[in-house]
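Structural characterization, general
Spelled out, the chains give:
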Amino acid sequence: MYRCVLKGVEKLHQYEELIKVFLPKGEYEIWSESPEETGSDAEADDDDSLFLANFDGDRDRLRRSLYESLARYTGKRPRWGTLTGIRPVKLAGEIYDSCGFMEDVENILSDRYLVDESKVRLTVETLRYQRQIIGRPPEKSVSVYIGIPFCPTRCLYCSFTSNQVSDDEVERYLEALYREIDYCGENLRRRGLSIESMYIGGGTPTSLDESQLEKLLDRIEASFGLKGIGEFTVEAGRPDTFTEKKLKIIKEAGAGRISINPQTMKQETLDLIGRRHTVEDTVRAFELAKRVGIDCINTDLIAGLPGENAADFRDSLERIWSLGADNITLHTLAVKRGSGLKELDQEYNYKNEELCTEMLDDARLFLTGKGYRPYYLYRQKHTSGNTENLGFCRADSVSIYNVRIMEEAQSILALGAGGISKVYFPEENRLERVANVSNYQIYIDRIDEMIERKEKEFWR
């Protein structure tokens with residue numbers, strides 16, 4: 001048992017997140033005051049499982065000391081060092097904006113946060129590319145997210161807002177959503193704000209039938225106006241929801257980017273995790289998208305899915321590349337509360353650390369060798385191997401929305417159940433969150449309250 005006593009620390013969770021990188025729950029204890037007499041000098045204590053520190057006000061120094069103690073105890077040195085937040089590229093950007101030199105960014109990530117050289121290079125490379133291709137957000141611009149919280153089935157690892165409901169329920173939801181769309185469109189116009197990027201996600205937006213999808217996109221056009229938007233994405237997601245008519249509706253609405261997200265190209269895994277589609281459905285989805293003339297196709301793959309080895313992941317990657325994906329996003333499986341996999345295995349994340357690292361390292365080499373570049377990066381809690389999610393693009397086809405949502409330097413207007421709007425205050429470089437309820441039925445019943453929240457908290 002690893003015992004950690006942090007005297008003078010009120011918010012233990014800030015440091016417990018670092019402990020969780022090394023150890024699962026049940027293998028450590030953490031206190032702000034020792035429940036027993038442990039002495040005042042941790043170095044003098046013979047018990048290597050004890051970490052005792054008196055907080056002197058330097059959080060980074062305390063984290064470094066805690067990291068080194070955990071490294072000695074476990075024999076592991078996680079490559080992201082003491083960083084437990086999800087936005088290392090944002091941190092690197094803030095360091096760069098304050099000092100003006102990438103070399104300083106590299107040194108600070110390495111020395112202050114103990115980030116491994118490979119992750120330092122990846123972070124700085126991603127930041128440079130983002131600044132080079134899309135720069136900073138335009139003044140008086142926002143990005144818009146619209147959520148469709150429905151899927152054909154629920155995946156074993158899913159913890160997102162995803163529901164399987166009747167067509168009548170979908171219609172009820174859309175009617176409430178139209179009210180929020182109309183309200184937000186009017187307020188954007190009145191305040192002279194432009195939309196830099198729009199993202200329709202979920203759930204699976206293409207789980208709507210053709211008529212519902214067309215009506216939704218028509219309503220978005222009528223309320224927001226889509227001309228001049230730098231990027232418009234519709235997350236098609238499940239290959240089994242594709243029809244040529246739906247893709248034509250998306251194309252005619254002006255959406256130039258879609259996502260086809262099989263997560264794997266191994267049929268046994270698809271069956272295990274609860275995906276209803278086949279590998280052949282994914283191939284067919286690409287063929288339809290190419291035929292319709294979709295400009296940019298993103299594909300998500302997940303490293304660390306149950307039962308898969310490194311060769312399986314490499315095979316999925318090669319097959320997706322051969323189908324012509326413009327963006328390929330590599331996710332590491334994160335097992336969170338609310339997912340079926342979490343209920344089956346509480347410690348799944350700690351059992352695949354080396355495997356997930358091998359999968360992602362190999363994938364980066366393969367994709368860069370094929371001319372793709374990493375353009376956005378984020379991390380999640382509870383990922384196998386304490387790794388990262390990394391988006392690659394070719395021919396500079398970056399997703400503006402993905403970069404902005406991680407950069408946190410622009411207001412995000414989020415509509416629908418589970419949507420979390422973020423108001424950006426540039427003078428203070430901070431965000432305030434304005435959340436809609438995640439349950440779609442409660443969203444329908446309380447749509448007036450959701451609109452009132454935006455009136456009071458977003459538009460101010």
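Above this text is the structure in question.
The structure contained in this document is the topic of the report that follows. (Residues numbered from 1 in each chain as written. Predicted model: local features only at pLDDT ≥ 70, side-chain atom pairs only at ≥ 80, totals over all residues. Heavy atoms only, no water.)

Along helix H4 (residues 102-111), the residues classified as buried are Met102, Val105 and Leu109. Burial along H4 is one-sided: seen end-on, the buried residues are contained in an arc of 50°. Opposite its buried face, H4 presents the exposed residues Glu103 and Asp111, each directed more than 90 degrees away. Considering only its buried residues, H4 is in contact with helix H3 (88-99) and helix H5 (117-133). (Buried < 20%, exposed > 50% of the residue type's maximum accessible area, 1.4 Å probe, protein only. Helix = DSSP H or I, 4+ residues; strand = E, 2+ residues; numbered from the N terminus. Arc of directions from axis to C-beta. Contact = heavy atoms within 4.5 Å.)

Geometrically, the link from Gly202 to Gly203 is a cis peptide bond, its omega value of 15° lying close to zero. Inspection of the secondary structure assignment puts Gly203 in the loop between strand S5 (194-202) and helix H7 (210-224). Phi is positive for Lys140, close to 55°, though the residue is something other than glycine. Exposure remark for Lys140: the relative accessible area of 52% places this residue in the exposed category. Phi angles above zero are rare outside glycine, and Ala395 is one such case at about 55°. With respect to the helices and strands, the residue Ala395 is situated in the loop between strand S11 (389-393) and helix H14 (400-407).

Let us look at the environment of Trp31. Mapped onto the fold, Trp31 is located in strand S2 (residues 28-31). Its relative accessible area of 22% is what places Trp31 among the partly exposed residues. Discounting chain neighbours no more than four positions away, the residues touching Trp31 are Arg3, Cys4, Val5, Leu6 and Leu12.

This paragraph deals with the packing of aromatic side chains. Throughout the structure, instances matching the rule amount to 13 aromatic pairs. For the ring pair Phe22 and Tyr67, a centre distance of 5.4 Å and an interplane angle of 75° mean the geometry is edge-to-face. Of this pair, Phe22 sits in helix H1 (residues 13-22) while Tyr67 sits in helix H2 (residues 59-74); the two residues are 45 residues apart in sequence, bridging distant segments of the chain. An angle of 25° between the planes, with centres 5.8 Å apart, marks the rings of Tyr376 and Tyr378 as stacked. Overall, Tyr378 belongs to the buried group, its relative accessible area being 13%. Taken together through their ring pairs, the aromatic side chains of Phe150, Tyr173, Tyr440 and Tyr443 make up a single cluster. The side chain of Lys370 reaches across the aromatic face of Trp321, ending 4.2 Å from its centre. (Phe/Tyr/Trp six-rings, centres within 6.5 Å; stacked < 30°, edge-to-face > 60°. Lys NZ or Arg CZ within 6 Å of the ring centre and 35° of its normal.)

At a minimum axis separation of 10 Å, H1 and H2 run at an interaxial angle of 25°. As the angle between them shows, H1 and H2 are arranged roughly parallel. Where H1 crosses over H2, the handedness of that crossing is right-handed. From H1, Gln14, Tyr15, Leu18, Ile19 and Phe22 reach across to H2, where they touch Arg59, Leu62, Arg63, Leu66, Tyr67, Leu70, Ala71 and Thr74. (Axes fitted to C-alpha atoms, helices over the stretch in contact; angles between N-to-C directions. Parallel < 35°, antiparallel > 145°, perpendicular 65-115°, else oblique. Left-handed = near helix turned anticlockwise from the far one by under 90°.)

Tracing the sequence through the fold places Lys119 in helix H5. It is 12 Å that separates the C-alpha atoms of Lys119 and Asn107, two residues lying 12 residues apart in sequence. In this view, Lys119 contacts Arg79, Trp80, Arg364 and Glu388; residues no more than four positions away in its chain are not counted. Side chain to side chain, Lys119 and Glu388 meet in a polar contact 2.9 Å long. (Polar contact = N/O pair within 3.5 Å; in protein donor to acceptor, adjacent residues only side chain to side chain.)

Together, Asp167, Asp168, Asp209, Glu210, Glu214, Asp218, Glu221 and Glu252 make up a region of like negative charge exposed at the surface. Elements with a contribution of two residues or more to the negative patch: helix H6 (167-190) and H7. When residues of the negative patch are assigned to their parent elements, the largest contribution, four residues, is made by H7. Take Glu210: it is sitting in helix H7. (Patch = residues over 30% accessible without salt bridge, like charges linked within 9 Å, V, L, I, M, F, W, Y side chains within 5 Å. Areas by Shrake-Rupley, 256 points an atom, 1.4 Å probe, with all protein chains shown as cover. Salt bridge = Lys/Arg side-chain N within 4 Å of Asp/Glu carboxyl O. Lys, Arg positive; Asp, Glu negative; His and termini not counted. Charge placed at Lys NZ, Arg CZ, Asp CG, Glu CD.)

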